[in-house]
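One-letter residues, chain by chain:
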Amino acid sequence: MSGTPVLDERIAELTARHVPFVRATVVRARRPASARPGDTAVVLADGRIEGFVGGVCAEATVRAQALRTLASGEALLLRISPEAPEDGAPGQPEADEGALSLRNPCLSGGELEIFLEPRRPVPRVVVLGGTPIARALLAFGPALGYEIAGPAGDGLTEEALTGVRAVVVASHGRDEDAALTAAVRAGVPYVGLVASPRRGAAVLAGLELTREQRGRVRTPAGLWIGARTPGEVALSILAEVVASVRGPAPAEAAEAAEAVEPPEPAVPTATDPVCGMSVAATADTPHTDAGGERRWFCCEGCRTAFEAAPGRYAEAR
């Protein structure tokens, strides 16, 4: 499917459905690599690969690194070679910004350079209401690069809110209860109500939600910046939305800065006990429970070798 209109259609479909993925494109290949420049694949968030960027050994490395770029949102030029030392290895320079070299002992002698481009959907914000503040929120969409729109179809149902990152209710009393309840139950990360502190508390008290769920609604919506005009209020709300979409709360950020260990990747990784490669531990990755615990492998060959003598490789690693 690589390099064909079929893959282009698949990419367009994923984009239209707001599904995150990584586009992997071979930009350089040295024989005897099986891939060729221009070969393309998509890597989904669950580790599935559609398309072609090399054999199973190359796929294992591409899968693991693509999932990391999907988590970070930063593109990466991935260099894979069976002999070259890895960036950051003892005695070797650190990885260049935007590029990473990895040793893959399974490759048959060729080298690959693959550009990994994460495609994360733009944040979707739903605004309920026809008030001046609601209109100002909609106007900010193009400047932010966000998809900010009013409710579509049947309105603010839990099903319609799938993938939505923020809901702002600025209707001044119209359909507030149903909208807030649907947004909270749908798990929308940011739910805001434009209201005075007194009226906002009264609205929350009347919602058929648990105390914890009511606590997720921000009211009055927006950061305190002394806003007075509808545009200023909309700006304060979107600032709070950006903080919710882009990063943790200040207390969480401080804790993360003090943490010694780096954060775990979105998909866990494991070390192939046969060849030592780092692989993504997904359903599509070869694995076995031989030897008493689950282990993952870069390819079927390594899994077969391990299953033939699990004790040997457990001792070696």
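Our structure is the block above this text.
Being a predicted model, the structure only gives us computed values, none of them experimental. (Residues numbered from 1 in each chain as written. Predicted model: local features only at pLDDT ≥ 70, side-chain atom pairs only at ≥ 80, totals over all residues. Heavy atoms only, no water.)

Caption draft 1: Region of the structure containing the side chain of Glu 113. Structurally, Glu 113 is set in strand S6 (residues 111-119). With a relative accessible area of 17%, Glu 113 lands in the buried category. (Helix = DSSP H or I, 4+ residues; strand = E, 2+ residues; numbered from the N terminus. Buried < 20%, exposed > 50% of the residue type's maximum accessible area, 1.4 Å probe, protein only.)

Caption draft 2: Representation of the sheet that holds strand S7 (residues 124-128) within the structure. As summarised here, the arrangement of the five strands in space is S8-S7-S9-S10-S11, forming an open sheet in which the pairing is parallel. Two strands in the sheet have a free side with no partner beyond their single neighbour: strand S8 (147-149) and strand S11 (217-218). Bridge count between S7 and S8: three bridges; the pairing is parallel. Bridge pairing links Val 125 to Ile 148 in S8. (Pairing = 2+ DSSP bridges.)

Caption draft 3: Looking closely at the pairing of S6. With nine bridges connecting them, strand S1 (residues 21-30) and S6 associate as antiparallel partners. Considered in S6, the bridge of Val 26 is made with Ile 114. The sheet contact formed by strand S4 (residues 76-81) and S6 spans five bridges and is antiparallel. Directly across from Leu 78, in S6, lies its bridge partner Ile 114.

Caption draft 4: Local environment of the packing of aromatic side chains. Across all of its chains, the model carries one aromatic pair by this definition. Ring geometry for Phe 297 against Phe 306: centres 5.4 Å apart, planes inclined by 50 degrees, an arrangement best described as tilted. As far as burial versus exposure is concerned, Phe 297 and Phe 306 are alike and both buried. (Phe/Tyr/Trp six-rings, centres within 6.5 Å; stacked < 30°, edge-to-face > 60°.)

Caption draft 5: Representation of the pairing of strand S10 (residues 190-193). The side-chain alternation of S10 yields two buried faces, one formed by Tyr 190 and Gly 192 and the other by Val 191 and Leu 193. Since strand S9 (residues 166-169) and S10 lie parallel, the crossover through helix H5 (residues 176-185) that links them has a hand, and here it is right-handed. The sheet contact formed by S10 and S11 spans two bridges and is parallel. Within S11, the position partnered with Val 191 by the bridge is Val 217. (Right-handed = clockwise from strand over helix to strand, strands pointing away.)

Caption draft 6: Quick peek at the pattern of salt bridges. Under the criterion given, the structure shown has 14 salt bridges. Arg 30 serves as the salt-bridge partner of Glu 111, at 3.6 Å between the closest nitrogen and oxygen. In this pair, Glu 111 is assigned in strand S6 and Arg 30 in strand S1, connecting sequence segments 81 residues apart. Judged by its relative accessible area of 18%, Glu 111 is buried. Judged by its relative accessible area of 39%, Arg 30 falls in the partly exposed class. With its nearest N and O atoms 2.9 Å apart, the salt bridge here joins Glu 176 to Arg 199. Here Glu 176 is found in helix H5, whereas its partner Arg 199 is found in helix H6 (residues 197-205), with 23 residues between them in sequence. Judged by relative accessible area, which is 4%, Glu 176 ranks as buried. Here the salt bridges do not stand alone but share partners, grouping Arg 28, Arg 30, Arg 79, Glu 111 and Glu 113 into one network. (Salt bridge = Lys/Arg side-chain N within 4 Å of Asp/Glu carboxyl O.)

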